[in-house]
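# Observations on chain architecture
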Amino acid sequence: MRTQNATAYRFLTPYLLIFAIFWIWPIVSSFMISFQATRTVPWRFAPAFNWGRLIGDPAFYNALTNTLLILVIQVPVMIALAIIMAVLLNSPLLKARGLYRFAFFAPVVVGEVAYSAVFRLMFSLDFGIVNKLLNSVGIPKIDWFSNVTPAMALIMIAVTWRWAGYNAIIILAGLQSIPEDVYEAATLDRVSRVKQFFHITLPLLKPVIVFCAVLSIIGTMQLFTEPFLITERGGPGGGTETLGLLLYRQGFRSLNFGYASAVAYTMAGLAIAITLVQLWLMREPK
Amino acid sequence: MTSRSQARLGRVIALHLFLTPLALVWLFPLWMMVVFSTMPDNGIFSPGIELLPHDNFLDNVANLQRDTNFIGAIGISVSVAVTYTILSVLLTSMAGWALARYEFHGKGAVVAIIFGTITLPYAVVLIPQFIMVARDFALANTWIALIVPPLFNSLGVLFMRQAFSMMPAELFDAARVEGVKEWRIFLFVALPLARPMLAALAIILFLASWNNYLWPLLINSQPGAMTAPVALGTLIGLTKVSWGGIMAGAVMLTVPMLIVFVLLQRHFIAGIAAGAVK
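None of the values given here were measured: they were computed from a predicted structure.

Our next topic: the overall build of chain B. A count of helical and extended segments in chain B gives 15 helices and 0 strands. Relative to its length of 278 residues, chain B is extended, with a C-alpha radius of gyration of 24 Å against a globular reference of 19 Å. Seen through its principal axes, chain B has C-alpha atoms that stretch 75 × 75 × 35 Å. Counting across all 278 residues of chain B, residues that qualify as buried make up 43%. A separation threshold of at least 6 residues defines the contact pool for chain B, and within that pool the share at least 24 residues apart is 74%.

Here it is in structure tokens:
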């Protein structure tokens, strides 16, 4: 194909301009801001100012620990659940498939604010439907909002409800791309279905599962709306504060842009590390 | 009945016995959203267990409208989401077309930069975007602030690049031989052929804009400039607020999207699943 610079850039430039202004430049700019003291006018370059504060800030470690704790528990549970949903939705034995698909996929279209409001109401101490139902089967009511452990559990339950179906959609697409004859051969060789799942399905799904895991980790790492709205600004007492919330409070409540940028770049560093792990997991076997 | 078909029946029953409760649990929050939205506040905050809808929905909408101008906010949300979707589909399909069908200097670099930065968290650009839009351009609380910055999203570029590169070259070469201009080939040959992909992309982008919360929360915080999710979010956590009203707002945000989801399920799922096809 001959080179068509002028034509190509006529199509490309409008998007590239927006992409450069609102994505590439902010990525660079954020990095530079993290090395500046931003609460003086004018801002001044002070390389250790924000990063020095960050490594000694208990609020940062609290947010980091909470975020990692949610990651480590919520993401594997959700991915496992999504695999189960996808495999069962794919079963030829399933009747009324459309209804089940609707049940699991519907949360994908529900906005963060709408579902945060519902979860907050459902889990409220005295009048929440969840505690009422627990009570009716003899389980004492749980104070989801005043104790750290139930509050963290609530955040994880909410995020899992919202995103499991999303991952199941991706995994289901992966399942449907596995050729049927692989299973037929295994069935002829009298390989049990459970063995087929662990020895055929899971290995073939590995790229898709790793992809879902990376997407989910990067999404959960930025968790903001749920602890902001459901557990009321990361309550109780910072018990559900995440890196996303810390960034919000520092950047947009205290208007401390430098420090907030350092927090943002900590998230970026984690994301880059996770992406590298993904590339390593996905490397071509020699 | 043979033992083989008995075993099959057993598996069918086991499958449904497991999946049905899980599906009911998954539907429960949506169902309760609808139920709450139809109950008066003193019904929501009463000790009884209520699982069926009442008839208080319109009163709740009125309560919500008293607490915040939700109908106005819905108007902003709809206009912004429609404009954003049209612009984003246009910009990203043009870029995707260029990357799929032309050879040019810098092509490799553009693709590398898009792929290389796609997994960076959005949080990284939040502060510079805010400083730029609010301070440098003084555009806070405008529609432009809601619509333009999120157009950076490169999902559509990759999606449409994929779609256009799968089309056979002869389709376009035939038009070129006849002397048809490139932009006409794009508009009148390539785009119509890509209709299913455009539909999937448009749905995903519309939904993203409709549900977007963090950026509109930061940039359009004045009451008259808020989108519907932001307006609803300001009520959560207030005392003396109608929870029936909040739930009515949640229903107004959610139910139209559920209907779109049911009607256009195929495109929706294609759009989400395409994220995995890189």
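Having seen the structure, we can now continue with the description.
Another point: the overall build of chain A. Each helix and strand counted, chain A has 12 helices and 2 strands in total. Taken from N to C terminus, the helices and strands of chain A fall in the order α-β-β-α-α-α-α-α-α-α-α-α-α-α. The principal-axis extent of the C-alpha atoms belonging to chain A is close to 75 × 75 × 35 Å. Out of the 286 residues belonging to chain A, those deemed buried represent 45%. Expressed as a percentage of contacts within chain A between residues at least 6 apart in sequence, the contacts between residues at least 24 apart total 69%.

Our next topic: the interface of chain A and chain B. In this complex, chain A contributes 81 residues to the contact, which on the side of chain B involves 71 residues. The leading source of residues in the side of chain A that touches chain B is helix 1 (residues 5-33) of chain A, at 19 residues.

Among the 11 residues of helix 5 (residues 112-122) of chain A, 11 are classified as buried, and the element is accordingly described as predominantly covered. When helix 5 of chain A is considered as a whole, its buried residues turn out to be Glu 112, Val 113, Ala 114, Tyr 115, Ser 116, Ala 117, Val 118, Phe 119, Arg 120, Leu 121 and Met 122 of chain A.

Below, the discussion takes up the environment of Thr 38 of chain A. Here Thr 38 of chain A shows up in the loop between strand 1 (36-37) and strand 2 (44-45). With residues near it in sequence (within four places) discarded, Thr 38 of chain A still touches Ile 33, Trp 43, Asn 256, Phe 257 and Gly 258 of chain A.

The omega angle of the peptide bond from Val 41 of chain A to Pro 42 of chain A is -5°, so this bond is cis rather than trans. Considering the arrangement of structural elements, one finds Pro 42 of chain A in the loop between strand 1 and strand 2. Residues Gly 235 of chain A and Pro 236 of chain A are joined by a peptide bond in cis, for which omega reads -5°. Backbone geometry at Ala 138 of chain B places phi at a positive 50°, although glycine is not the residue there. Secondary-structure assignment places Ala 138 of chain B in the loop between helix 6 (123-136) and helix 7 (143-147). For Ala 138 of chain B, a count of 10 C-beta atoms within 10 Å translates into the label exposed.

Let us look at the packing of helix 3 (residues 58-89) of chain A against helix 7 (residues 148-176) of chain A. All names here are of chain A. Contact geometry for helix 3 and helix 7: axes closest at 7 Å, N-to-C directions at 40°. In terms of axis orientation, helix 3 runs oblique to helix 7. Seen along the crossing, helix 3 lies across helix 7 with a hand that is right-handed. The class makeup of the residues in the contact of helix 3 with helix 7 is 23 nonpolar, 4 polar and no charged.

The topology assignment puts Val 125 of chain B in helix 6. Along the chain, Val 125 of chain B and Asp 41 of chain B lie 84 residues apart, while their C-alpha atoms are 41 Å from each other. Not counting the four nearest positions on each side in its chain, Val 125 of chain B is found in contact with Trp 23, Pro 26, Ile 27 and Ser 30 of chain A.

Before going further, it helps to examine helix 1 of chain A. Turn by turn, an α-helix covers 3.6 residues, leaving residues three or four places apart pointing in a common direction. An ideal rise of 1.5 Å per residue puts 42 Å on 29 residues; helix 1 of chain A reaches only 35 Å between its terminal C-alpha atoms. Its axis deflected by about 45° at Leu 12 of chain A, helix 1 of chain A carries its strongest bend there, up to four residues before the proline Pro 14 of chain A. Of the positions making up helix 1 of chain A, those classed as buried are Ala 8, Phe 11, Leu 12, Tyr 15, Leu 16, Ile 18, Phe 19, Phe 22, Trp 23, Pro 26, Ser 30 and Ile 33 of chain A. Contacts made by the buried residues of helix 1 of chain A are with strand 1 and helix 12 (257-281) of chain A together with helix 4 (70-101), helix 5 (107-117), helix 6 and helix 8 (155-165) of chain B.

Moving on, we come to the domain arrangement of chain B. Domain assignment breaks chain B into domain 1 (3-58) and domain 2 (68-235). For domain 1 of chain B and domain 2 of chain B, the distance between their C-alpha centres works out to 37 Å.

What follows deals with the nonpolar core. Counting 170 residues, the largest nonpolar core has Ala 82, Ala 117, Val 118, Ala 168, Ile 171 and Ala 264 of chain A together with Ala 250 of chain B as its most contacted members. Considering each element in turn, this core owes the most residues, 17 residues, to helix 7 of chain A. Each of domain 1 (3-58) and domain 2 (68-235) of chain B contributes no fewer than three residues to this core.

With 98% of its residues at a pLDDT of at least 70, chain B reaches an overall mean of 92. Quick note on the complex model: pTM equals 0.92, ipTM equals 0.90.

Turning to the environment of Thr 220 of chain A, a few remarks are in order. All names here are of chain A. Mapped onto the secondary structure, Thr 220 falls in helix 9 (residues 193-221). Between the alpha carbons of Thr 220 and Leu 68 there is a distance of 9.1 Å; along the sequence they are 152 residues apart. What Thr 220 contacts, discounting residues up to four positions off in sequence, is Ile 70, Leu 71, Gln 74, Val 75 and Val 159.

Thresholds applied
- Residues numbered from 1 in each chain as written.
- Chains lettered and ligands numbered in written order.
- Predicted model: local features only at pLDDT ≥ 70, side-chain atom pairs only at ≥ 80, totals over all residues.
- Helix = DSSP H or I, 4+ residues; strand = E, 2+ residues; numbered from the N terminus.
- Rg over C-alpha atoms; globule rule 2.2 N^0.38 Å.
- Buried ≥ 20, exposed ≤ 12 C-beta atoms within 10 Å, placed from the backbone.
- Contact = placed C-beta atoms within 7 Å.
- Axes fitted to C-alpha atoms, helices over the stretch in contact; angles between N-to-C directions.
- Parallel < 35°, antiparallel > 145°, perpendicular 65-115°, else oblique.
- Left-handed = near helix turned anticlockwise from the far one by under 90°.
- Nonpolar A, V, L, I, M, F, W, Y, C, P; charged D, E, K, R; others polar.
- Expected span 1.5 Å × (residues − 1).
- Bend = angle between axes of the 7 residues up to and from the residue.
- Domains from an automatic or database assignment.
- Core = buried A, V, L, I, M, F, W, Y, C linked by C-beta atoms within 7 Å.
- pLDDT = per-residue confidence, 0-100.

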